[in-house]
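The lines below spell out each chain.
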Amino acid sequence: MAKTGSVIGSLSDQLRRDISLGELKPGIKLNIEALKRHYEVSHPTVREALSLLVGEGYVSFEEMKGFRVLNASQDELKDSSCVRAELEALALEWAVQRTTVDWRSSVVAAHYALSEVERKMPADPVNAALEWDDRNKKFHLAIAENSGSPKLIELISVQYDQSRRYRLMAHANGRSETSRARWVEKSANEHNALKEAVLAGDTATGCAILKGHITKATLHVIEDVDMSFEGLRRPS
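Residues numbered from 1 in each chain as written. Predicted model: local features only at pLDDT ≥ 70, side-chain atom pairs only at ≥ 80, totals over all residues. Heavy atoms only, no water.

Spatially, the 3 strands line up as an open sheet ordered S1-S3-S2, and their pairing is antiparallel. Strand pairing shows two members of the sheet lacking a second neighbour, strand S1 (29-30) and strand S2 (59-62), which therefore form its edges. Strand direction decides the pairing type here: S2 and strand S3 (residues 66-69), joined by 4 bridges, are antiparallel. Counterpart to serine 60 in the pairing with S3 is arginine 68. Of the strands in this sheet, S1, S2 and S3 are in contact with helix H3 (residues 43-56), which crosses S2 at around 110°. (Pairing = 2+ DSSP bridges. Helix = DSSP H or I, 4+ residues; strand = E, 2+ residues; numbered from the N terminus. Contact = heavy atoms within 4.5 Å. Axes fitted to C-alpha atoms, helices over the stretch in contact; angles between N-to-C directions.)

Moving on: helix H2 (residues 32-39). Along H2, the positions that sit buried rather than exposed are Ile32, Leu35 and Tyr39. Projection of H2 onto a plane perpendicular to its axis shows the buried side chains occupying an angular sector of 60°, all on one side. Turned more than 90 degrees away from the buried face of H2 sit Arg37 and His38, all of them exposed. Of the residues flanking the end of H2, it is glutamate 40, one or two places downstream, whose phi is positive at about 55°. (Buried < 20%, exposed > 50% of the residue type's maximum accessible area, 1.4 Å probe, protein only. Arc of directions from axis to C-beta.)

For the pair H2 and H3, interaxial distance at closest approach is 9 Å and the crossing angle is 105°. By the angle class used here, H2 and H3 are roughly perpendicular. Between H2, through Ile32, Leu35 and Lys36, and H3, the contact on the second element is made entirely by His43, Val46, Arg47 and Leu50. For the contact of H2 with H3, the residue count by class is 4 nonpolar, 1 polar and 2 charged. (Parallel < 35°, antiparallel > 145°, perpendicular 65-115°, else oblique. Nonpolar A, V, L, I, M, F, W, Y, C, P; charged D, E, K, R; others polar.)

Right, here's the structure in full:
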């Protein structure tokens, strides 16, 4: 029999996925009994998993009202992305100052793993999105990890995770394969340029690429999921 902690962790992962891919829509009330039946787990397990997601910014909780999927917020996404861009640029600067062969090799390896899944994205966006987001995070953190600051790395990881559902919602939408392929190709080119700047020890170029990359990715997400943002509508 699975341990309670592992069951809660597994359910939390499933809920994150379903919220991120829009299967559990922003703003909906999360009925514990319904979730218990759907995921085939116990009532306490559902409560524990939802409580974890409250702390991570996926779910809200109010006394007498229960749990809800947090509404998507354009301002929250922009703020989180702006903070993340500045933190990652600072980490890159510190990392380059401490450059080593092992670090540069780890960046190359993380980039290679990311590029493999980027080739899958245009044709199979929903199934590849979770793997892509995981490898994308590992690439960005591979750069930051040589900064020498565990606290800075932790802050970057938190900001990345808080915007995760928006990225996955964008990749899971119904845009055409051609349009998606163009965006993935552009993003992949930026990742490659960032890797090359790191290998060259070019802090100024690397920071400029990094900030522009995160900012443009945020605008892409807003364009693709703005029907989910509170108070936003596409022009008629």
